[in-house]
Amino acid sequence: MLITHLRAKAELRRHEHLKDSPIAVVDRASGKPLVVDSSAGASARAGMTLEQAMSSHNGLIILDADEPYYRRVFEDVIEALLQVSDRVEPAELGIAYVRVDGLEFLYGGEKAVASALMDAVPSSLAARVGIGDSKFTSYIAARTANSLGISVCSADVAELLAPLSIALLPLSDELKRSLHGFGVHTMGQVASLSRDMLIDRFGVEGNLAWELCNGIDTRPVVSLKQAASVAEYASLPFASTSVELLLATVDILLERAYSGPHLRRRLAGSIILASSVMGSAPWTLVIRFKEPVGEWQSASRLVRDRIEAQPPDAPLEDLTLTVGDIRAESGRQLGLLEEARDRRRGRITDIDRKLRERMRSTPALHRVVEVAPWHPVPEMRALKVPVDPAHYETLTSLHSPHPVAVQESDAHRPLAVRLKKGWQQIYGIDDRWEFDLWWLPEPVTRSYFSIVDVGGQRLVLFRDERDGCWYRQPLSAA
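Small disclaimer: the values here were computed from a predicted structure and weren't measured. (Residues numbered from 1 in each chain as written. Predicted model: local features only at pLDDT ≥ 70, side-chain atom pairs only at ≥ 80, totals over all residues. Heavy atoms only, no water.)

## Comments concerning the side chain of S300
To keep things clear, this is the line we draw: Per the convention used, a helix needs a DSSP run of H or I reaching at least four residues, while a strand needs a run of E reaching at least two, with both numbered from the N terminus. Think of it in three bands: residues with accessible area under 20% of the maximum for their type are buried, residues over 50% are exposed, and the middle band is partly exposed, with areas taken using a 1.4 Å probe on protein chains only. Residue contacts follow a heavy-atom distance rule, with two residues in contact if any of their heavy atoms lie within 4.5 Å.
On the secondary structure map, S300 appears in helix α13 (residues 296-309). Of the residues examined, S300 reaches a relative accessible area of 8% and is grouped as buried. In this structure S300 touches D251 and L254, once residues within four positions along its chain are discounted.

So, in structure tokens, the structure goes:
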């Protein structure tokens, strides 16, 4: 199933008054606005700058890209395809692979199944269906069809592929640039090359290029419904027996799992927690739900009860959460509040992704999750969690200290500290405190000093009494 220009078509669906107007969808996240899609009647093309697009077509209407909305439109398409076949694999936006073997008797033939798939997708999206013996040949059939509708891959696959550009290969841009550099521009040219040579030069991807260009594609269709379980992993910022830290991490991983494609609009019947334990056997906890659960918040409440009843008795270093017994929903509708919350979360996530592209950092936005606000060690009080579920594996402490150079007295009191502006003499010590948490899995012994430098700047420093190194603690954590 191929939906070309999905972004533009999705925009025209919600702006019906523009259906006869030329539009260009522009992404402004990278600093320089770039066209990412355009309607059929527009001269603008993906990759153009905004200035180029405006000059290419008089009267062109510019719309800002709304990626969360486009993903929701595509997810609705996938759900509709699943009503025809239970073996659907969503690929990139606008492309889905569907296994139809075995459905011919139900629908009355292969083309009848394809027609059912076409009927399942809104006509405004103008989808194409390509039929082939593999993912690649079916994609090529849809991509090279002269008109919208159903297209069947010809029996002579090699003849069909030979004149086509290597741009259609589902491979990296780096490999395609290298092939162009060698004067190889068509699939027929790739097919005529030595397979061993391509493997030596490009490894596994070179072998796949040779096979695809020769009409060989053994990649299976990995259906959403074939996923019996979904596993998410996070490394804890510090080993701990804290139930609060464990519960917070469980919520983070549950939210990530339920926001992924394998669980979206589906139900789960079980949760398995597993963790590495310092100097001991791994800790595991199996939770089976009496009724399948479709929201991470509901799953969180059930998991929380079990963890509080059976807490770990040794310090955990990481956490793997496996959601199992996944099944389709049975007529359950999301409430308006949940839908609004999902839309709001989608907008925040999209803002984060745009900021990451502009700032060239990952991730850009975080939320704070308190795990032990009473803890004497500041960095063990709260976690800094990315708002984008795709980056939930990067859990960090909110108040992490930073190494700093300090000149100290014989009594290990700070005399000067080196900051960005150079060495600064310490004018006075406002406060001092210390603690020795010898019973922790990794003992912590520190001497803290609240100081003022000659410029009047207040700093909090501490000396690690176990390694003799100095650190600067964020003031908000002091």
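## Observations regarding the sheet that holds strand β18 (residues 414-419)
Put simply, the rule is: Being paired, for any two strands, means DSSP has found at least two bridges between them.
Here we have 7 strands laid out as an open sheet, ordered β16-β22-β21-β20-β19-β18-β17, and antiparallel in their pairing. This sheet does not close on itself; its edge strands, each paired only once, are β16 (402-403) and β17 (406-408). With 4 bridges joining them, β18 and strand β19 (residues 422-437) adopt antiparallel strand pairing. Across the sheet, the residue bridging to R418 is W423, located in β19.

## Concerning the side chain of D37
Along the chain, D37 falls in strand β2 (residues 34-38). Once residues within four sequence positions are removed from consideration, D37 is found in contact with H5, L6, R7, A8, A24 and V25.

## Digging into the sheet that holds strand β3 (residues 61-64)
Formally: Lines are fitted to the C-alpha atoms to define the axes, a helix being fitted only along its stretch in contact, and any angle between axes, read from their N-to-C directions, falls within 0 to 180 degrees.
Reading across from one edge, β2-β1-β3 is the order of the 3 strands in this open sheet, with mixed pairing throughout. The sheet is open, and its two edges are formed by β2 and β3, each paired on a single side. Neighbouring strand axes in the sheet, compared pairwise and without regard to direction, differ in orientation by 40° on average. Strand direction decides the pairing type here: strand β1 (residues 23-27) and β2, joined by 4 bridges, are antiparallel. Bridge pairing links V26 to V35 in β2. Sitting on the sheet, helix α1 (residues 6-14) touches β1, β2 and β3, and the angle it makes with β1 is about 115°.

## Considering the nonpolar core
The condition is simple: Nonpolar cores are built from buried Ala, Val, Leu, Ile, Met, Phe, Trp, Tyr and Cys residues. Side-chain atoms within 4.5 Å join them into one set.
If you look at the biggest cluster of nonpolar residues, it comprises 48 residues, and the most contacted ones within it are V250, I271 and L273. Per-element accounting of this core gives the leading share, 10 residues, to helix α12 (residues 243-259). Beyond its immediate stretch of four places on either side in the chain, I271 contacts L254, L285, V286, I287, F289, V303, L321, T322 and V323. Ranked by size, the runner-up nonpolar core spans 29 residues in total, among them L6, V25, A65 and Y70.

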